Amino acid sequence: MSVIVSDKFSMLELPGQDGKIDQNTAIFGYDDKFREWCKKLFQYYWEKTKLCSP
C-alpha cells in the first residue's frame, strides 16, 4: 500500500495480485475530507511500525 498526501491531492495505491503496487488500483481525491482520511491512515500504520536494527 502507498499513501501520498500533498497540498492539492491525496492518493492511495493498493497492491495487485502479485503484491506489488498497481497504479491501476489507485484512488485519487482532491477534497479536504479525503486528504484528512489519508493522513489518518498513514498515521495509523506509522504508529504500528517498529524500528529495524541493521
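Procedures and definitions
- Residues numbered from 1 in each chain as written.
- Predicted model: local features only at pLDDT ≥ 70, side-chain atom pairs only at ≥ 80, totals over all residues.
- Heavy atoms only, no water.
- Helix = DSSP H or I, 4+ residues; strand = E, 2+ residues; numbered from the N terminus.
- Expected span 1.5 Å × (residues − 1).
- Buried < 20%, exposed > 50% of the residue type's maximum accessible area, 1.4 Å probe, protein only.
- Arc of directions from axis to C-beta.
- Contact = heavy atoms within 4.5 Å.
- Salt bridge = Lys/Arg side-chain N within 4 Å of Asp/Glu carboxyl O.
- Patch = residues over 30% accessible without salt bridge, like charges linked within 9 Å, V, L, I, M, F, W, Y side chains within 5 Å.
- Areas by Shrake-Rupley, 256 points an atom, 1.4 Å probe, with all protein chains shown as cover.
- Phe/Tyr/Trp six-rings, centres within 6.5 Å; stacked < 30°, edge-to-face > 60°.

Student: Mind showing me how you'd approach helix α1 (residues 32–48) here?
Tutor: Given 3.6 residues per helical turn, the α-helix brings residues three or four places apart onto the same face. Taking 1.5 Å as the rise per residue, α1 with 17 residues should run 24 Å; its terminal C-alpha atoms sit 25 Å apart, in good agreement. Among all positions of α1, only F34, R35, C38 and L41 are buried. Mapping the buried residues of α1 onto a view down its axis gives an arc of 125°, with all of them on the same face. Away from its buried face by more than 90 degrees, α1 exposes D32, K33, K40 and E47. Packed against the buried residues of α1 are β1 (2–5), β2 (10–13) and β3 (27–29).

Student: Please clarify how the pattern of salt bridges should be interpreted in this entry.
Tutor: When their charged atoms lie close together, side chains carrying opposite charge are able to pair. The full count for this structure, using the stated rule, is 2 salt bridges. Its salt-bridge partner being E36, residue K39 comes within 3.4 Å of it at the nearest N-O pair. You can see K39 and its partner E36 sitting in helix α1, 3 residues apart, about one turn around the helix. On the accessibility criterion, E36 (39% relative accessible area) is partly exposed.

Student: Help me understand a nonpolar patch on the surface in this model?
Tutor: Side chains of M1, L14, I27, Y44 and Y45 sit close together on the surface and give an oily, nonpolar patch of about 470 Å² of accessible area. With respect to the helices, strands and loops of the structure, Y45 is situated in helix α1. For Y45, a relative accessible area of 42% translates into the label partly exposed.

Student: How should the packing of aromatic side chains be read in this particular structure?
Tutor: Here the distance between the centres and the angle between the planes together describe a pair of aromatic rings. Counted by the stated rule, this structure contains 5 aromatic pairs. Ring geometry for F42 against W46: centres 5.7 Å apart, planes inclined by 20°, an arrangement best described as stacked. Residue F42 and its partner W46 are both found in helix α1; the two are separated by 4 residues, about one turn of the helix. Accessibility expressed as a relative area gives 43% for F42, which makes it partly exposed. Judged by relative accessible area, which is 59%, W46 ranks as exposed. Through successive ring pairs, a cluster of aromatic residues spans F9, F28 and Y30.

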